[in-house]
Amino acid sequence: MSTTTANELYPEVRSFLESGPLKGFVGGKELESTGGETFTTSDPGSGAQLAEVYSFQASDIDQAVDVADEAFKTAGWEQLPQNERSALLHRLADAVEKQKHIIAQLESLDAGKIEAQAQGDVQNFVDTIRYFADLAQNVQRRSILAVKNHEAWTMRQPWGACGFIFPWNFPFLLVGWGIAPALAAGNTVVIKPAEDTPLSTLYLARVAQEVGIPDGVINVVPGLGSVAGAALSANPKLQRMSFTGSPEVGRLIAESCGRNLVPVKLELGGKGAAVVFNDVDIPDTAEKLVNAITFHTGQVCCDATRWLIHKNIYDEFVGECIDRLKDVQVGYQLNDTSQMGPVVNAKQHQRVLSYLEKGQSEGAECLLEGGVAEVPGYEGYYVKPALMAGSLDNVAAREEIFGPVAYLAPFETEEQAIQMTNSTDYGLANSVWSSDLNRAARVAEVMCAGNSWINAHNVFAHGIPYAGIHKSGMGGGVLSIETLLDYWRSVSVVRPL
Ligand code: NAP
Ligand code: MG
């Protein structure tokens, strides 16, 4: 299928798109859906159709899980010495890095992501694979237990076939965060990408095969959430399930897994706060929070969407933010001058606009209006950044909007700021901003969330566990040794003496 930007595409991207309908990838082979059903993935920046993709049905999903289960038992992946499995994962990372520009362009087109940011995501995938491939080599998988009258030890064993369901906001990066520890530990994986953004994951399956990852170790099953996703999460042969997405769907996944007693990891939404004290460098902090809320058009689960500002600097801070937000270049994601691309689809577009309306009808003040952004020549889903203010009981302050919209409120005391931060059902990520580092650490420790950041927002480093609590998820430890250990189960062996 053609796009409005076809002339600017890399030849590899164009030929991949033209090779559609794109097939899933199961047991090292391309696979169509049983009845030939397809869905379309589009470019949210232009509205153009990018490719038809086979839409897997429940029987296709069951077949893929059977293959992953069988591969776990027979493909030799689990039995490989750790250094050989890690060497293969390094080959995968190297191959992805070599094709970074191709995968990033596919991702940019499919998700509406600024191309340079998509390149950052692909590099992050590469770094994640390398991190877990190396880490796994340094974990002692047998531990001798010193227990009187017993010879005893524990062993860490991989579980088997692991299921993964991903959202559309960071499709490729999140695949890395999810499958890298599972693969490094010796498991096999079945991945259901979001229907809006399946392209980069389908491409990855082909790269994995080229570098010699054994057949059946990485399987990709494109399809609709209510069909393919539901069938995957309900499959009793899975040994573990990981879901990244909304709390609403997360609950369904957990119910399905609960019925089969399959352990599940949930990385869900958020409504994070940034607490800004009156001793900050105001322009610098405003710049950083504006960058955070406009990054990937605010479609970031751990974003700071409630900005709590000390009352003495509130007006000046708001002014600095408005000046910067007005200058943000909204545009097509493959244009070099664009700073903020479209949101992912019509539903998300409508969602962002509806919260501006609902928030105002409940009494919120609009400090910066936002609304539909026109990008000449492109029929995409563009919005302008917006700032709202008022009571934290407002719907726009309580619910996840998932767009470039921040909700502001002033505070007076440290205690009040903490109470306001914690007045949410979510618990993903908050930040505190102050030049008094003792105070910053004190506040950071009592903010209720999996992640507390100081003088920065959206901070990720391999080795630091990332997680959500409450409505933001469970079982975290992402990007650290904690999640790697999750992908081995501990088994004890005992002989009475
Ligand atoms: P979503 O609607 O929950 O969808 C996520 C995935 O679940 C998609 O692949 C979707 O498939 C699938 N799905 C939908 N219904 C399903 C069902 N009944 N059974 C099984 N799977 C089903 O979330 P989204 O709109 O894509 O993503 C936005 C959400 O993800 C936000 O809440 C955001 O905060 C959260 N998120 C969290 C993190 C984190 O690390 N905590 C990271 C990124 C995003 P289809 O799309 O193909 O229908
Ligand atoms: Mg798309």
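For the structure given in this document, a descriptive report is provided here. (Residues numbered from 1 in each chain as written. Chains lettered and ligands numbered in written order. Predicted model: local features only at pLDDT ≥ 70, side-chain atom pairs only at ≥ 80, totals over all residues. Heavy atoms only, no water.)

## A few points about the overall build of the chain
Per the secondary structure count, the chain includes 16 helices and 22 strands. For a compact globule of 497 residues, the expected C-alpha radius of gyration is about 23 Å, and the chain comes in at 23 Å, within 12% of that figure. Counting only C-alpha atoms, the chain reaches 70 × 65 × 40 Å along its principal axes. Residues classed as buried in the chain amount to 59% of the 497 residues present. Partitioning the intrachain contacts of the chain with sequence separation of at least 6 by distance along the chain shows that 73% fall at a separation of at least 24. As displayed, the chain has an accessible area near 19300 Å², and 49% of this comes from carbon and sulfur atoms. Each charge sign in the chain was given a centre, from 37 positive and 59 negative side chains, and these centres are 8 Å apart. (Helix = DSSP H or I, 4+ residues; strand = E, 2+ residues; numbered from the N terminus. Rg over C-alpha atoms; globule rule 2.2 N^0.38 Å. Buried < 20%, exposed > 50% of the residue type's maximum accessible area, 1.4 Å probe, protein only. Contact = heavy atoms within 4.5 Å. Areas by Shrake-Rupley, 256 points an atom, 1.4 Å probe, with all protein chains shown as cover. Lys, Arg positive; Asp, Glu negative; His and termini not counted. Charge placed at Lys NZ, Arg CZ, Asp CG, Glu CD.)

## Observations concerning the sheet that holds strand β5 (residues 142-147)
Taking strand neighbours across the sheet as the criterion, the three strands line up as β5-β6-β22 in an open arrangement whose pairing is antiparallel. If you trace the sheet from one side to the other, it starts and ends with β5 and β22 (488-496), each paired once. Strand-to-strand, the axes of this sheet are offset by a mean angle of 25°, without reference to chain direction. (Pairing = 2+ DSSP bridges. Axes fitted to C-alpha atoms, helices over the stretch in contact; angles between N-to-C directions.)

## Some thoughts on the pattern of salt bridges
Across all of its chains, the model carries 14 salt bridges by this definition. With its nearest N and O atoms 2.7 Å apart, the salt bridge here joins arginine 324 to glutamate 320. Here glutamate 320 and arginine 324 lie together in helix α11 (residues 314-326), a separation of four residues that amounts to about one turn. Overlapping salt bridges, with partners in common, bring together Asp94, Glu97 and Arg130 in one network. (Salt bridge = Lys/Arg side-chain N within 4 Å of Asp/Glu carboxyl O.)

## Here we look at the nonpolar core
Ranked by internal contacts, the top residues of the largest apolar core, which has 79 residues, are Leu17, Leu92, Val96, Ile213, Ile218 and Leu484. For leucine 484, the contacting residues outside a window of four places in its chain are Phe132, Leu135, Ala136, Val139, Pro181, Ala184 and Ala185. The next biggest cluster of nonpolar side chains, apart from the first, holds 30 residues, and it includes Val395, Ala396, Tyr407 and Val432. (Core = buried A, V, L, I, M, F, W, Y, C linked by side-chain atoms within 4.5 Å.)

## Some thoughts on the site of ligand 1
Looking at ligand 1, there are 28 residues lining it, with Lys192, Glu195, Ser246, Leu268 and Glu400 nearest. Within the side chain of glutamate 400, a nitrogen or oxygen atom sits 2.6 Å from an oxygen atom of ligand 1. For ligand 1, the protein covers 87% of the area, taking 910 Å² as the surface of the free molecule. At the level of secondary structure, the elements contributing two or more residues to the shell around ligand 1 comprise α8 (225-233), β10 (240-244) and α9 (247-260). Classifying every residue of the shell around ligand 1 gives 16 nonpolar, eight polar and four charged. (Near = heavy atom within 4 Å. Polar contact = N/O pair within 3.5 Å; in protein donor to acceptor, adjacent residues only side chain to side chain. Nonpolar A, V, L, I, M, F, W, Y, C, P; charged D, E, K, R; others polar.)

## Some details on the coordination of the magnesium ion (ligand 2)
Coordination of the magnesium ion (ligand 2) by the protein involves Thr41 (OG1), Ser42 (O), Asp110 (O), Asp110 (OD) and Asp196 (O), with metal-donor separations of 2.1 to 2.6 Å. As a motif over one chain, the donors of the magnesium ion (ligand 2) read T-S-x67-D-x85-D. Of this pair, serine 42 sits in strand β3 (residues 38-42) while aspartate 196 is found in the loop between β8 (188-192) and α7 (199-210), placing the two residues 154 residues apart along the sequence. For aspartate 196, a relative accessible area of 23% translates into the label partly exposed. (Donors = N, O, S within 2.8 Å, 3.2 Å for Na, K, Ca; no water.)

## What to know about the sheet that holds strand β17 (residues 386-389)
A sheet is described by the order of its strands in space; here seven strands give the open sequence β14-β17-β18-β13-β12-β19-β20, paired in mixed fashion. Taken across any chain shown, the strands that pair with only one partner, and hence form the sheet edges, are β14 (365-368) and β20 (451-454). Averaged over all adjacent pairs, the angle separating strand axes in this sheet is 25°, with direction ignored. Note: strand β19 (residues 429-433) against β20, four bridges, orientation parallel. In the strand pairing of β20, valine 432 is matched with isoleucine 454. Its contacts with the sheet place helix α10 (residues 282-294) against β12 (272-276), β13 (304-310), β18 (405-411) and β19, and it is angled at close to 160° to β13.

## Quick word on the packing of aromatic side chains
For the structure shown, the criterion picks out 14 aromatic pairs. Taking 4.9 Å as the distance between ring centres and 75° as the angle between the ring planes, the aromatic pair formed by tyrosine 131 and phenylalanine 132 counts as edge-to-face. Seen from their ring centres, tryptophan 177 and tyrosine 466 are 5.7 Å apart, and the 70° between their planes marks the pair as edge-to-face. A residue pair is termed long-range when its members are at least 10 positions apart, and tryptophan 177 in helix α6 (residues 171-184) and tyrosine 466 in the loop between β20 and β21 (473-474) qualify at 289 residues. Overall, the relative accessible area of 5% leaves tyrosine 466 in the buried class. An aromatic cluster of at least three residues, connected via ring pairs, comprises Trp177, Trp453, Phe460 and Tyr466. Taking NZ or CZ as reference, lysine 113 lies 3.7 Å from the ring centre of phenylalanine 170, over its face. It is arginine 240 that lies over the ring of tyrosine 487; its NZ or CZ is 5.3 Å from the centre. (Phe/Tyr/Trp six-rings, centres within 6.5 Å; stacked < 30°, edge-to-face > 60°. Lys NZ or Arg CZ within 6 Å of the ring centre and 35° of its normal.)

## Details of unusual backbone geometry
In this structure, the amide linkage connecting glycine 20 to the following residue, proline 21, adopts the cis form with an omega of 0°. Unusually for a residue other than glycine, histidine 470 sits at a positive phi of about 50°. Residue position: histidine 470 is located in the loop between β20 and β21.

## What to know about α6
Helix length check: α6 (14 residues) gives 20 Å between terminal C-alpha atoms against 20 Å at 1.5 Å per residue, within 8%. Of all the bends in α6, the largest measures some 30° and sits at glycine 178, one to four residues before the proline proline 181. Burial of α6 is extensive: 14 of the 14 residues sit out of reach of the surface. Just beyond α6, the residue with positive phi is glycine 186, at close to 105°. (Expected span 1.5 Å × (residues − 1). Bend = angle between axes of the 7 residues up to and from the residue.)

## Some words on the side chain of serine 200
Position of serine 200 relative to the elements: it lies in helix α7. By relative accessible area, which is 1% here, serine 200 ends up buried. Here glutamate 107 takes part through its side chain, which lies 2.6 Å from a polar atom of the side chain of serine 200.

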